[in-house]
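# Examining the three-dimensional arrangement
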Amino acid sequence: MRALIPSRHRRPDRRSVLLGATGLLAVGAVPWARADENGARQFIQDVGDRTVAALRRAGSSDRQRLDELVDLLNTATDLDLVGRLVLGQYWRTATEAQRTEYTRLFKELEVKRMADRLNTYGGETFEITTAKPVDQRDTVVATRIFRPGSGGQPIAVDWRVRQLEGRYSIIDIVAEGVSMVVTQRSEVASVVSQKGMDGLIQTMRERLEGRA
């Protein structure tokens, strides 16, 4: 998921379109059931396979590929809750109007991010290495992402998956040791502490318009 504000520390954002297209976060009510590593593993496999298939589909226009990726985003996540997670403590103090506008901009930025990155796909592939429950509700699925022609080592990416009433959602992505949830929350908090909630919303508008 692309950071909402400019940052010197957005390493995961530059690495792979697979991270961008499937960098999805979701939170929700927590059922008390043992984490199912096999189900979580299959979920990540399916999301990755669908992402690669959409990016590789011969004869598809950028608009068609984007529509397919947006559909994947909407079916695999709840962006209303994603935005609330990233905003953290400031959600409680924001007005209803601020929450509504922030959530709208958050969703539009996600779509813009995918549109901006469609042409950067360079044939990346991935493989799952392990899937381990970390508590009663979450599983960490470890993957390696390969970049053809890069000459470098594969990127290690861990996906924290939560089972929510029979379905799975990604609640964090840790790429090369960097948590995308923690990074975005820190950046958002920095803006809000300096400019207030309205300042954050204005920064998001500028990012959406390409002015930041």
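Up top is the structure these notes are about.
Residues numbered from 1 in each chain as written. Predicted model: local features only at pLDDT ≥ 70, side-chain atom pairs only at ≥ 80, totals over all residues. Heavy atoms only, no water.

## A look at the sheet that holds strand S5 (residues 178–179)
Here five strands make up an open sheet; going across it, the order is S1-S2-S3-S4-S5 and the pairing antiparallel. The open sheet is flanked by strand S1 (125–133) and S5, the only strands paired with a single partner. With eight bridges joining them, strand S3 (residues 155–164) and strand S4 (residues 167–175) adopt antiparallel strand pairing. Bridge pairing in S4 links Trp-159 to Ile-173. The sheet contacts of helix H3 (residues 37–56) involve S1, strand S2 (138–146), S3 and S4, and relative to S1 the element is tilted by about 165 degrees. (Pairing = 2+ DSSP bridges. Helix = DSSP H or I, 4+ residues; strand = E, 2+ residues; numbered from the N terminus. Contact = heavy atoms within 4.5 Å. Axes fitted to C-alpha atoms, helices over the stretch in contact; angles between N-to-C directions.)

## Considerations on the packing of aromatic side chains
Summed over all chains, the structure comprises two aromatic pairs. With centroids separated by 5.9 Å and ring planes inclined at 40 degrees, the aromatic side chains of Tyr-102 and Phe-106 adopt a geometry described as tilted. Taken together, the residues Tyr-102 and Phe-106, both in helix H7 (residues 96–117) and four residues apart, mark about one turn of the helix. (Phe/Tyr/Trp six-rings, centres within 6.5 Å; stacked < 30°, edge-to-face > 60°.)

## Section: the pattern of salt bridges
Going through the model one piece at a time under the given rule, you end up with 12 salt bridges. Ionic pairing is found between Asp-138 and Arg-160, a salt bridge with its closest N-O pair at 2.8 Å. With Asp-138 in strand S2 and Arg-160 in strand S3, the pair connects residues that are 22 residues apart, well separated along the chain. With a relative accessible area of 29%, Arg-160 lands in the partly exposed category. (Salt bridge = Lys/Arg side-chain N within 4 Å of Asp/Glu carboxyl O. Buried < 20%, exposed > 50% of the residue type's maximum accessible area, 1.4 Å probe, protein only.)

## Re the packing of helix H4 (residues 62–76) against H7
Relative orientation and spacing of two packed helices are given, respectively, by the angle between their axes and the distance between those axes. Between H4 and H7, the least distance of the axes is 10 Å, while the angle of their chain directions is 140 degrees. If you check the angle between H4 and H7, you find them oblique. The crossing of H4 and H7 is right-handed. Contacts between H4 and H7 pair Leu-66, Leu-69, Val-70 and Leu-73 from the former with Glu-110, Val-111, Met-114 and Ala-115 from the latter. (Parallel < 35°, antiparallel > 145°, perpendicular 65-115°, else oblique. Left-handed = near helix turned anticlockwise from the far one by under 90°.)

## Topic: unusual backbone geometry
Unlike most non-glycine residues, Glu-176 shows phi in positive territory, near 55 degrees. Tracing the chain through its elements places Glu-176 in the loop between S4 and S5.

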